[in-house]
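Topology and contacts: notes
Given next are the chains, with one letter for each unit.
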Amino acid sequence: MIRIDGLTKYYHKKPLLINTSFIAEKGQITLLTGKSGAGKTTLLNIIAGLQAFDSGTYWINDDKIDVRNDQWMSQFRNKEIGYIVQDYALISDYSVLENILLTSFYNKNHNKQDALDKATQLAKNFGLSEILDKKVKRISGGQKQRTAIARSLILDPSIILADEPTTHLDEENFKLIMQLFESLKEANTLLIIATHDDRIKLIADKIYRIEDCLLKQQS
Ligand SMILES: Nc1ncnc2c1ncn2[C@@H]1O[C@H](COP(=O)(O)OP(=O)(O)O)[C@@H](O)[C@H]1O
Ligand SMILES: [Mg+2]
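Rules behind the numbers
- Residues numbered from 1 in each chain as written.
- Chains lettered and ligands numbered in written order.
- Predicted model: local features only at pLDDT ≥ 70, side-chain atom pairs only at ≥ 80, totals over all residues.
- Heavy atoms only, no water.
- Helix = DSSP H or I, 4+ residues; strand = E, 2+ residues; numbered from the N terminus.
- Rg over C-alpha atoms; globule rule 2.2 N^0.38 Å.
- Buried < 20%, exposed > 50% of the residue type's maximum accessible area, 1.4 Å probe, protein only.
- Contact = heavy atoms within 4.5 Å.
- Areas by Shrake-Rupley, 256 points an atom, 1.4 Å probe, with all protein chains shown as cover.
- Pairing = 2+ DSSP bridges.
- Axes fitted to C-alpha atoms, helices over the stretch in contact; angles between N-to-C directions.
- Core = buried A, V, L, I, M, F, W, Y, C linked by side-chain atoms within 4.5 Å.

1. Quick look at the overall build of the protein chain
In terms of helices and strands, the protein chain carries 6 helices and 10 strands. Over its C-alpha trace the protein chain gives a radius of gyration of 17 Å, about what one expects of a compact globule, namely 17 Å for 219 residues. Based on the C-alpha atoms only, the size of the protein chain along its principal axes is roughly 50 × 40 × 35 Å. Counting across all 219 residues of the protein chain, residues that qualify as buried make up 47%. For the protein chain, contacts bridging at least 24 residues in sequence account for 70% of all contacts bridging at least 6. Carbon and sulfur atoms make up 46% of the accessible area of the protein chain, which amounts to about 11,400 Å² in all.

See the structure below:
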């Protein structure tokens, strides 16, 4: 479980999030909505331990998260959090396969052949098999989005953070990703999705909205 209590975050002396409380649970899809600039990405970054906050508490299960304890959080993030960032953060000179494998390179405990098998299977699931050796700079926006999603799953994370994961997907791939999110949920993964896309609301267990620096639960 992810639990945030009374969190406040300033950016350049301007408040972004005030007294925010947020809970996301395993086996559930939690949505984060709000206009562009509302602070969705900032909150996901805080949850990923990539951005600090000014006050409040943040717990993952029974561990209180302090971004100053960077080593613990980066290890936890590497193993347990799959983060699909908004601009994909793919390496454009690397192939689709290399990008999917990327995080497994940093994980000493991961067997190379297992990672390769997993990457090949993920690529197959997301219709990327034909372009595995293509450099990312030569593929389309939708293919990049699917590569980023495949990459986030390579280490079987228990937490998935997805920032606007469906913006560049056509209807067919949209359905594929919805099925994926639902199967991850069934496998007891904790999913937090920041989105503008109203279609995702259909599979959400809980919806939060950020407005005027306040986070409120909508349903
Ligand atoms: N590095 C940063 N850290 C925190 N806030 C930032 C940063 N860069 C820009 N901002 C500002 O923070 C606000 C929230 O941005 P963001 O979290 O990206 O919102 P959203 O994802 O909802 O569009 C914006 O007004 C933006 O200008
Ligand atoms: Mg954003």
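2. Re unusual backbone geometry
Negative phi values dominate among residues other than glycine, just as trans dominates among peptide bonds. One non-glycine residue, tyrosine 88, lies in positive phi territory at about 70°. Tracing the backbone through its elements, the reader meets tyrosine 88 in the loop between β6 (81-84) and α3 (96-105). Residue tyrosine 88 is classed as buried on the basis of its relative accessible area of 9%. For aspartate 212, which is not glycine, the phi dihedral falls at a positive 50°. Relative to the helices and strands, aspartate 212 resides in the loop between β9 (206-211) and β10 (214-217).

3. Some thoughts on helix α1 (residues 40-47)
In terms of burial, α1 is largely enclosed, as 7 of its 8 residues are buried. Within the span of α1, buried status applies to Lys40, Thr42, Leu43, Leu44, Asn45, Ile46 and Ile47. Glycine 49, located one to two residues past α1, shows a positive phi value of around 75°.

4. What about the environment of threonine 33?
Among the secondary structure elements, threonine 33 is positioned in strand β3 (residues 29-33). Taking the C-alpha atoms as reference, threonine 33 lies 12 Å from arginine 199; in sequence the two are 166 residues apart.

5. Structural notes on the sheet that holds strand β8 (residues 190-194)
One open sheet accounts for 6 strands, arranged β6-β7-β8-β3-β9-β10; its pairing is mixed. Every other strand in the sheet has two partners, leaving β6 and β10 as the edge strands with one partner each. Within the sheet, the average angular offset between the axes of one strand and its neighbour, ignoring direction, is 15°. Relative to strand β7 (residues 159-163), β6 is paired through 4 bridges, and the arrangement is parallel. Looking at β7, one finds that tyrosine 83 is bridged to leucine 161. Against the sheet, helix α5 (residues 141-152) engages β6 and β7, with an angle of about 170° to β6. In this fold helix α6 (residues 171-186) packs onto β3, β7 and β8, with an angle of close to 145° to the strand it touches most, β8.

6. As for the nonpolar core
Residues Val96, Ile100, Phe126, Leu153 and Phe181 are the most contacted members of the largest nonpolar core, which totals 39 residues. Taken together, the elements giving at least two residues each to this core come down to β3, α3, α4 (112-125), α5, β7, α6 and β8. At 6 residues, α6 tops the list of elements feeding residues into this core. If we ignore the near neighbours within four places in the chain, the residues touching phenylalanine 126 are Arg146, Ile149, Ala150, Leu153, Leu176, Ile177 and Leu180. Within the second largest apolar cluster, 29 residues are counted, among which are Ile46, Met73, Phe76 and Leu215.

7. Here we look at the sheet that holds strand β1 (residues 2-11)
If you trace the 4 strands from one edge of the open sheet to the other, you get β2-β1-β4-β5, paired in antiparallel fashion. With one partner strand each, in any of the chains shown, β2 (14-24) and β5 (63-64) form the two edges of the open sheet. Where strand β4 (residues 55-60) meets β5, 2 bridges bridge the pair, whose relative direction is antiparallel. Residue isoleucine 60 lies in a different strand from β5, and its bridge partner there is aspartate 63. Each of β1, β2 and β4 is contacted by α1, which is oriented at about 125° to β1, the strand it contacts most.

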